Amino acid sequence: GESVGLHLPTLSVQEGDNSIINCAYSNSASDYFIWYKQESGKGPQFIIDIRSNMDKRQGQRVTVLLNKTVKHLSLQIAATQPGDSAVYFCAENIEEDTGRRALTFGSGTRLQVQP
Amino acid sequence: TAGITQAPTSQILAAGRSMTLRCTQDMRHNAMYWYRQDLGLGIRLIHYSNTAGTTGKGEVPDGYSVSRANTDDFPLTLASAVPSQTSVYFCASSEQGRGTEAFFGQGTRLTVV
(Lines give C-alpha, C1' and ligand atoms only; values in the text may rest on other atoms or scores of the structure.)
Protein backbone atom coordinates (compact mmCIF):
# COMPACT_ATOMS: atom_id res chain seq x y z
CA GLY A 1 0.00 0.00 0.00
CA GLU A 2 0.98 3.60 -0.24
CA SER A 3 2.76 5.09 2.73
CA VAL A 4 4.63 8.03 4.11
CA GLY A 5 8.29 7.39 4.96
CA LEU A 6 11.44 9.09 6.15
CA HIS A 7 15.02 8.83 4.86
CA LEU A 8 17.00 9.32 8.10
CA PRO A 9 16.11 7.73 11.40
CA THR A 10 18.49 9.92 13.47
CA LEU A 11 19.88 13.40 12.84
CA SER A 12 22.52 14.93 15.10
CA VAL A 13 23.26 18.66 14.82
CA GLN A 14 25.17 21.28 16.75
CA GLU A 15 23.27 23.90 18.68
CA GLY A 16 22.80 26.97 16.51
CA ASP A 17 23.03 25.08 13.23
CA ASN A 18 20.11 24.61 10.87
CA SER A 19 18.38 21.22 10.72
CA ILE A 20 16.69 19.63 7.76
CA ILE A 21 14.43 16.62 8.19
CA ASN A 22 13.19 14.87 5.07
CA CYS A 23 10.13 12.82 4.27
CA ALA A 24 9.02 10.94 1.15
CA TYR A 25 5.40 10.23 0.48
CA SER A 26 3.85 8.03 -2.16
CA ASN A 27 0.16 8.95 -2.23
CA SER A 28 -0.19 11.58 -4.94
CA ALA A 29 -3.80 12.24 -3.89
CA SER A 30 -2.76 13.58 -0.47
CA ASP A 31 -3.84 17.19 -0.14
CA TYR A 32 -2.54 18.21 3.24
CA PHE A 33 0.68 17.55 5.14
CA ILE A 34 1.69 18.14 8.73
CA TRP A 35 4.88 17.99 10.74
CA TYR A 36 4.58 16.88 14.35
CA LYS A 37 7.14 16.99 17.16
CA GLN A 38 7.05 14.33 19.85
CA GLU A 39 9.00 14.65 23.06
CA SER A 40 9.60 11.68 25.29
CA GLY A 41 6.47 10.59 27.14
CA LYS A 42 4.21 13.04 25.33
CA GLY A 43 1.79 13.01 22.47
CA PRO A 44 2.64 14.44 19.04
CA GLN A 45 2.54 18.22 18.96
CA PHE A 46 1.67 20.21 15.83
CA ILE A 47 4.55 22.22 14.33
CA ILE A 48 3.50 23.36 10.89
CA ASP A 49 1.29 22.29 8.03
CA ILE A 50 1.09 22.83 4.29
CA ARG A 51 -1.59 22.25 1.70
CA SER A 52 -0.89 20.62 -1.62
CA ASN A 53 -1.49 23.85 -3.53
CA MET A 54 1.56 25.40 -1.85
CA ASP A 55 5.26 24.61 -2.08
CA LYS A 56 6.57 26.51 0.92
CA ARG A 57 5.29 27.71 4.24
CA GLN A 58 7.16 29.46 7.03
CA GLY A 59 6.56 29.62 10.75
CA GLN A 60 8.64 30.76 13.64
CA ARG A 61 12.09 29.22 13.01
CA VAL A 62 10.53 26.48 10.91
CA THR A 63 9.91 26.14 7.20
CA VAL A 64 8.16 23.32 5.38
CA LEU A 65 8.89 22.66 1.73
CA LEU A 66 6.70 20.51 -0.48
CA ASN A 67 7.89 19.12 -3.81
CA LYS A 68 4.96 17.34 -5.41
CA THR A 69 6.95 16.38 -8.49
CA VAL A 70 9.16 14.02 -6.50
CA LYS A 71 6.70 13.58 -3.60
CA HIS A 72 9.06 15.00 -1.04
CA LEU A 73 8.46 16.99 2.11
CA SER A 74 11.07 18.63 4.31
CA LEU A 75 11.15 20.47 7.61
CA GLN A 76 13.81 23.08 8.15
CA ILE A 77 14.56 24.31 11.65
CA ALA A 78 16.68 27.44 11.89
CA ALA A 79 19.19 27.97 14.71
CA THR A 80 18.44 24.62 16.31
CA GLN A 81 18.16 24.69 20.09
CA PRO A 82 18.43 21.94 22.72
CA GLY A 83 14.67 22.16 23.19
CA ASP A 84 14.25 21.04 19.61
CA SER A 85 15.57 17.58 20.48
CA ALA A 86 12.67 15.21 19.84
CA VAL A 87 11.26 12.80 17.28
CA TYR A 88 9.72 14.48 14.26
CA PHE A 89 6.96 12.90 12.19
CA CYS A 90 5.58 13.91 8.86
CA ALA A 91 1.97 12.99 8.22
CA GLU A 92 -0.30 13.17 5.22
CA ASN A 93 -4.04 13.66 5.20
CA ILE A 94 -6.29 12.26 2.52
CA GLU A 95 -9.97 11.55 2.25
CA GLU A 96 -10.49 8.00 1.05
CA ASP A 97 -13.43 6.53 -0.85
CA THR A 98 -14.62 4.98 2.40
CA GLY A 99 -15.12 8.46 3.82
CA ARG A 100 -12.17 8.11 6.12
CA ARG A 101 -10.11 11.21 6.53
CA ALA A 102 -7.25 10.68 8.93
CA LEU A 103 -3.53 11.20 9.19
CA THR A 104 -1.04 8.63 7.93
CA PHE A 105 2.29 8.99 9.70
CA GLY A 106 5.83 8.43 8.60
CA SER A 107 8.18 6.40 10.76
CA GLY A 108 9.83 9.39 12.43
CA THR A 109 13.28 11.01 12.66
CA ARG A 110 15.04 11.58 15.96
CA LEU A 111 16.73 14.97 16.15
CA GLN A 112 19.58 15.23 18.64
CA VAL A 113 20.96 18.69 19.35
CA GLN A 114 24.51 18.74 20.66
CA PRO A 115 25.43 21.67 22.95
CA THR B 1 -7.48 24.61 28.31
CA ALA B 2 -7.65 20.82 28.71
CA GLY B 3 -7.84 19.84 25.03
CA ILE B 4 -7.70 16.04 24.91
CA THR B 5 -7.75 14.04 28.13
CA GLN B 6 -6.89 10.35 28.19
CA ALA B 7 -7.24 7.93 31.09
CA PRO B 8 -5.54 6.02 32.51
CA THR B 9 -2.01 7.24 31.80
CA SER B 10 -0.68 3.72 32.15
CA GLN B 11 -2.01 0.26 32.88
CA ILE B 12 -0.81 -3.29 33.24
CA LEU B 13 -3.46 -5.73 32.08
CA ALA B 14 -3.63 -9.50 32.23
CA ALA B 15 -4.10 -11.25 28.90
CA GLY B 16 -7.71 -12.18 28.29
CA ARG B 17 -9.08 -9.32 30.36
CA SER B 18 -11.08 -6.47 28.91
CA MET B 19 -10.34 -2.79 29.29
CA THR B 20 -11.68 0.56 28.09
CA LEU B 21 -9.35 3.45 27.38
CA ARG B 22 -11.11 6.74 27.90
CA CYS B 23 -10.78 9.86 25.77
CA THR B 24 -12.53 13.19 26.21
CA GLN B 25 -12.09 16.42 24.28
CA ASP B 26 -13.41 19.87 25.08
CA MET B 27 -12.79 21.53 21.72
CA ARG B 28 -16.11 20.46 20.17
CA HIS B 29 -14.25 18.81 17.32
CA ASN B 30 -16.34 16.61 15.06
CA ALA B 31 -13.66 14.05 14.26
CA MET B 32 -11.85 11.82 16.72
CA TYR B 33 -9.24 9.10 16.30
CA TRP B 34 -7.42 6.35 18.11
CA TYR B 35 -3.81 5.57 17.18
CA ARG B 36 -1.28 3.16 18.57
CA GLN B 37 2.45 3.82 18.57
CA ASP B 38 4.97 0.99 18.47
CA LEU B 39 8.73 1.14 18.09
CA GLY B 40 9.63 0.30 14.51
CA LEU B 41 6.03 0.43 13.34
CA GLY B 42 5.31 4.08 13.89
CA ILE B 43 1.91 5.59 14.58
CA ARG B 44 -1.02 3.64 13.12
CA LEU B 45 -4.73 4.39 13.02
CA ILE B 46 -6.99 1.95 14.87
CA HIS B 47 -10.45 3.51 14.55
CA TYR B 48 -11.85 6.89 13.71
CA SER B 49 -15.11 8.80 13.98
CA ASN B 50 -16.02 11.59 11.59
CA THR B 51 -18.92 12.75 13.77
CA ALA B 52 -20.97 11.68 16.76
CA GLY B 53 -22.89 8.50 16.04
CA THR B 54 -20.50 7.22 13.35
CA THR B 55 -17.29 5.19 13.51
CA GLY B 56 -14.96 3.57 11.02
CA LYS B 57 -12.04 1.19 10.88
CA GLY B 58 -8.45 2.31 10.49
CA GLU B 59 -5.34 0.36 9.54
CA VAL B 60 -5.23 -1.96 12.57
CA PRO B 61 -8.78 -2.35 13.96
CA ASP B 62 -8.74 -6.04 14.93
CA GLY B 63 -9.22 -6.65 18.64
CA TYR B 64 -10.55 -3.13 19.27
CA SER B 65 -13.96 -1.51 19.29
CA VAL B 66 -15.09 2.08 19.68
CA SER B 67 -18.26 4.02 20.21
CA ARG B 68 -19.17 7.69 19.73
CA ALA B 69 -22.32 8.40 21.68
CA ASN B 70 -21.60 12.15 21.84
CA THR B 71 -19.18 14.73 20.49
CA ASP B 72 -16.83 14.80 23.44
CA ASP B 73 -16.14 11.14 24.25
CA PHE B 74 -14.52 8.40 22.20
CA PRO B 75 -13.72 5.31 24.30
CA LEU B 76 -11.59 2.45 22.96
CA THR B 77 -12.35 -1.06 24.22
CA LEU B 78 -10.17 -4.13 24.17
CA ALA B 79 -12.57 -7.05 24.62
CA SER B 80 -9.94 -9.70 25.35
CA ALA B 81 -6.43 -8.29 25.55
CA VAL B 82 -3.43 -10.05 24.00
CA PRO B 83 0.28 -9.27 24.47
CA SER B 84 0.54 -7.83 20.93
CA GLN B 85 -1.74 -5.02 22.10
CA THR B 86 1.03 -3.77 24.36
CA SER B 87 1.54 -0.26 23.03
CA VAL B 88 1.14 3.43 23.64
CA TYR B 89 -2.33 4.57 22.64
CA PHE B 90 -3.09 8.11 21.53
CA CYS B 91 -6.45 9.71 21.12
CA ALA B 92 -6.75 12.70 18.81
CA SER B 93 -9.39 15.07 17.52
CA SER B 94 -9.77 17.52 14.66
CA GLU B 95 -12.31 19.76 13.02
CA GLN B 96 -13.86 17.73 10.25
CA GLY B 97 -12.99 18.98 6.83
CA ARG B 98 -10.16 19.26 4.39
CA GLY B 99 -6.79 20.12 5.77
CA THR B 100 -7.10 20.40 9.50
CA GLU B 101 -4.57 19.41 12.10
CA ALA B 102 -5.24 16.76 14.69
CA PHE B 103 -4.66 17.49 18.38
CA PHE B 104 -3.31 14.62 20.45
CA GLY B 105 -3.70 13.53 24.03
CA GLN B 106 -0.78 12.56 26.24
CA GLY B 107 -1.24 8.85 25.61
CA THR B 108 -2.01 5.69 27.56
CA ARG B 109 0.81 3.21 28.01
CA LEU B 110 -0.71 -0.27 28.08
CA THR B 111 1.19 -3.43 28.91
CA VAL B 112 -0.57 -6.76 28.41
CA VAL B 113 1.06 -9.61 30.31
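Here, the structure is the one placed above.
Let me begin by describing the structure that accompanies this report.

A word on the overall build of chain B. Helix and strand content of chain B: zero helices and eleven strands. A compact globule built from 113 residues would reach a C-alpha radius of gyration of about 13 Å, and chain B, at 13 Å, matches this within 12%. Seen through its principal axes, chain B has C-alpha atoms that stretch 40 × 30 × 25 Å. Out of the 113 residues in chain B, the part that is buried amounts to 51%. Taking all contacts inside chain B whose residues are at least 6 apart in sequence as the whole, residues at least 24 apart take part in 54%. Just so you have it, chain B exposes about 5,200 Å², and 50% of that area is on carbon and sulfur atoms.

With 21 residues of chain B in contact, the opposing surface of chain A contributes 21 residues. Between chain B and chain A lies a buried interface of about 1,800 Å² when both sides are counted; carbon and sulfur atoms form 49% of it. If you look at where chain B meets chain A, you find zero salt bridges. Across the chain B-chain A interface, the total number found is four residue pairs in polar contact (both at pLDDT 80 or more). Taken together, the elements giving at least two residues each to the side of chain B that touches chain A come down to β4 (31-38) and β5 (42-49) of chain B. A per-class count over the side of chain B that touches chain A returns eight nonpolar, nine polar and four charged.

What follows covers the side chain of B:Ser87. Residues and elements named next belong to chain B. Examined against the element boundaries, Ser87 turns out to sit in strand β9 (residues 87-94). Among the polar contacts made by the side chain of Ser87, one reaches the side chain of Asp38 at a distance of 2.8 Å. Not counting residues within four places of it along the chain, the set of residues in contact with Ser87 comprises Arg36, Gln37, Asp38, Thr108, Arg109 and Leu110.

All names here are of chain A. Tallied over the entire structure, the rule returns two disulfides over all chains. Each sulfur in the disulfide pair Cys23 and Cys90 lies 1.9 Å from the other. Between Cys23 and Cys90, the S-S dihedral sits near 50 degrees, and the bridge is therefore right-handed. Highlighted residues: Cys23 in strand β3 (residues 19-25) and Cys90 in strand β9 (residues 86-95), separated in sequence by 67 residues.

The rules behind these values
Residues numbered from 1 in each chain as written. Chains lettered and ligands numbered in written order. Predicted model: local features only at pLDDT ≥ 70, side-chain atom pairs only at ≥ 80, totals over all residues. Heavy atoms only, no water. Helix = DSSP H or I, 4+ residues; strand = E, 2+ residues; numbered from the N terminus. Rg over C-alpha atoms; globule rule 2.2 N^0.38 Å. Buried < 20%, exposed > 50% of the residue type's maximum accessible area, 1.4 Å probe, protein only. Contact = heavy atoms within 4.5 Å. Areas by Shrake-Rupley, 256 points an atom, 1.4 Å probe, with all protein chains shown as cover. Buried area = accessible area lost by both parts, 1.4 Å probe. Salt bridge = Lys/Arg side-chain N within 4 Å of Asp/Glu carboxyl O. Polar contact = N/O pair within 3.5 Å; in protein donor to acceptor, adjacent residues only side chain to side chain. Nonpolar A, V, L, I, M, F, W, Y, C, P; charged D, E, K, R; others polar. Disulfide = S-S within 2.5 Å.

Read these as layout, nothing more, since geometry by itself doesn't imply function.
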